[in-house]
Amino acid sequence: MRVLITGATGLVGKEIVRLCHNDGIAVNYLTTSKSKLETQDNYKGFYWNPQKGEINHKCLEDVDAIINLVGASISKRWTASYKKEILESRTKTAALLKKTIDENNYPVKQIVSASAIGVYPSSLTNYYEEDFNKVSNTFLGEVVEQWEAAVDAFKDSSIDVCKLRIGLVLSNNGGALPEIIKPIKIGAGAAFGSGEQWQSWIHVEDLARIFLYAVKEGLTGVYNAVAPNPVTNAELTNMSAKVLKRPLILPNVPKFAMKLVLGEMHIILFESQRVSSKKIEQEGFQFKYANLCPALEDLLG
Ligand SMILES: NC(=O)c1ccc[n+]([C@@H]2O[C@H](COP(=O)([O-])OP(=O)(O)OC[C@H]3O[C@@H](n4cnc5c(N)ncnc54)[C@H](OP(=O)(O)O)[C@@H]3O)[C@@H](O)[C@H]2O)c1
């Protein structure tokens, strides 16, 4: 089996590539960076420039399924031009891939795409399943709605579509966790706001396993990709401090302070989404890290 991965060089992509190789699955990947190109039989890089509509169509040769992770990081200041990049790096890339498949009649069977739980409106009480149909009225809600629509367009080319709504990815190689533990390590850790907001986290290895599970089982539709036991922001902060054996002495960081520092993107820290993993578990997926403490001990211990 051969898969094409977009965003393969990122945090989640690297873990998926690792698991693919453990499983004997060959990987083609697209990158915007010529310095990241490699050519091995089971790891072949192809250049693309989605802004200019440039793509090496050979990336799709012999490919059974696409794993679509590409997207500009949401953790940089949301200026008007950067917001456009966040959106278009998801929508234009999907459209370019679909056009390339259509023009060359590549027999790709399935696309499994990243999506995000930011689609769900912030709530301290809701417990979100995939069929919840209201979209958050934030910028992130807008991005996810257009991103999922761009991926759904593959159905018109008779390609099966699976969308994984990803929660807060915990990894020791990047993403949120190193940022969470940095202040804790120097004795300046604190929860944000009331600390009651839900954080639906997932260990990066389980996330990569879900992507491969979706490919192997030919899953279609939307699945939440979060661990079975979400925690509050205060619990996440406290548990991280406990695993690192550091005290938490400071009061919570107020929302207005983070709004001053981060601008509109401060909502990433204060949005609350308690999200259910029931649907993917009902498909037979078994989490390796269902609870936060063992996940953090694995990553930080
Ligand atoms: N990490 C999380 O907590 C989290 C949570 C929810 C959803 N997600 C979603 O899951 C996907 C993977 O996340 P990740 O954390 O692995 O992301 P990441 O580390 O930021 O990697 C994304 C990859 O996308 C490519 N890319 C970045 N900006 C681009 C642009 N403007 N145009 C084209 N390509 C661009 C880069 O690959 P090249 O340099 O090789 O081109 C990069 O390696 C993303 O779509 C993200 O939104 C992540």
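Just so it is clear, the structure is predicted and the values come from calculations on it, not from any experiment.

1. Things to note about the environment of I111
Point 1. When you line up the elements, I111 lands in strand β7 (residues 110-116).
Point 2. You can call I111 buried: its relative accessible area is 0%.
Point 3. Each C-alpha atom of the pair I111 and V161 lies 5.2 Å from the other, and the pair is 50 residues apart in sequence.

2. Side note on the UniProt feature "domain: NAD-dependent epimerase/dehydratase" (unreviewed entry) in the chain
Point 1. The residues that UniProt annotates with the feature "domain: NAD-dependent epimerase/dehydratase" (unreviewed entry) are residues 3-224.
Point 2. Secondary structure across residues 3-224 comprises 34% helix and 23% strand; the distance between its end C-alpha atoms is 22 Å.

3. Considering the packing of helix α6 (residues 233-244) against helix α10 (residues 292-300)
Point 1. Contact geometry for α6 and α10: axes closest at 10 Å, N-to-C directions at 45°. With respect to α10, the axis of α6 lies oblique. Between α6 and α10 lies a crossing of right-handed hand. Facing α6, whose interface residues are E235, L236, M239, S240, V243 and L244, α10 presents L292, C293, L296, E297 and L300.
Point 2. Along the lines of polarity and charge, the residues of the contact of α6 with α10 split into eight nonpolar, one polar and two charged.

4. Some details on the UniProt feature "domain: DUF1731" (unreviewed entry) in the chain
Point 1. Taking the numbering used here, the UniProt-annotated feature "domain: DUF1731" (unreviewed entry) corresponds to residues 253-299.
Point 2. The span residues 253-299 is 53% helical and 0% strand by assignment, and the distance between its end C-alpha atoms comes to 25 Å.

5. Concerning the side chain of R90
Point 1. Relative to the helices and strands, R90 is located in helix α2 (residues 80-104).
Point 2. Separated by 3.0 Å, the side chain of R90 and the backbone oxygen of A72 make a polar contact.
Point 3. Excluding residues within four positions of it along the chain, R90 makes contact with V70, G71, A72, I74, V143 and W147.

About the criteria used
- Residues numbered from 1 in each chain as written.
- Predicted model: local features only at pLDDT ≥ 70, side-chain atom pairs only at ≥ 80, totals over all residues.
- Heavy atoms only, no water.
- Helix = DSSP H or I, 4+ residues; strand = E, 2+ residues; numbered from the N terminus.
- Buried < 20%, exposed > 50% of the residue type's maximum accessible area, 1.4 Å probe, protein only.
- UniProt positions renumbered as here; feature names shortened; annotations may be inferred.
- Axes fitted to C-alpha atoms, helices over the stretch in contact; angles between N-to-C directions.
- Parallel < 35°, antiparallel > 145°, perpendicular 65-115°, else oblique.
- Left-handed = near helix turned anticlockwise from the far one by under 90°.
- Contact = heavy atoms within 4.5 Å.
- Nonpolar A, V, L, I, M, F, W, Y, C, P; charged D, E, K, R; others polar.
- Polar contact = N/O pair within 3.5 Å; in protein donor to acceptor, adjacent residues only side chain to side chain.

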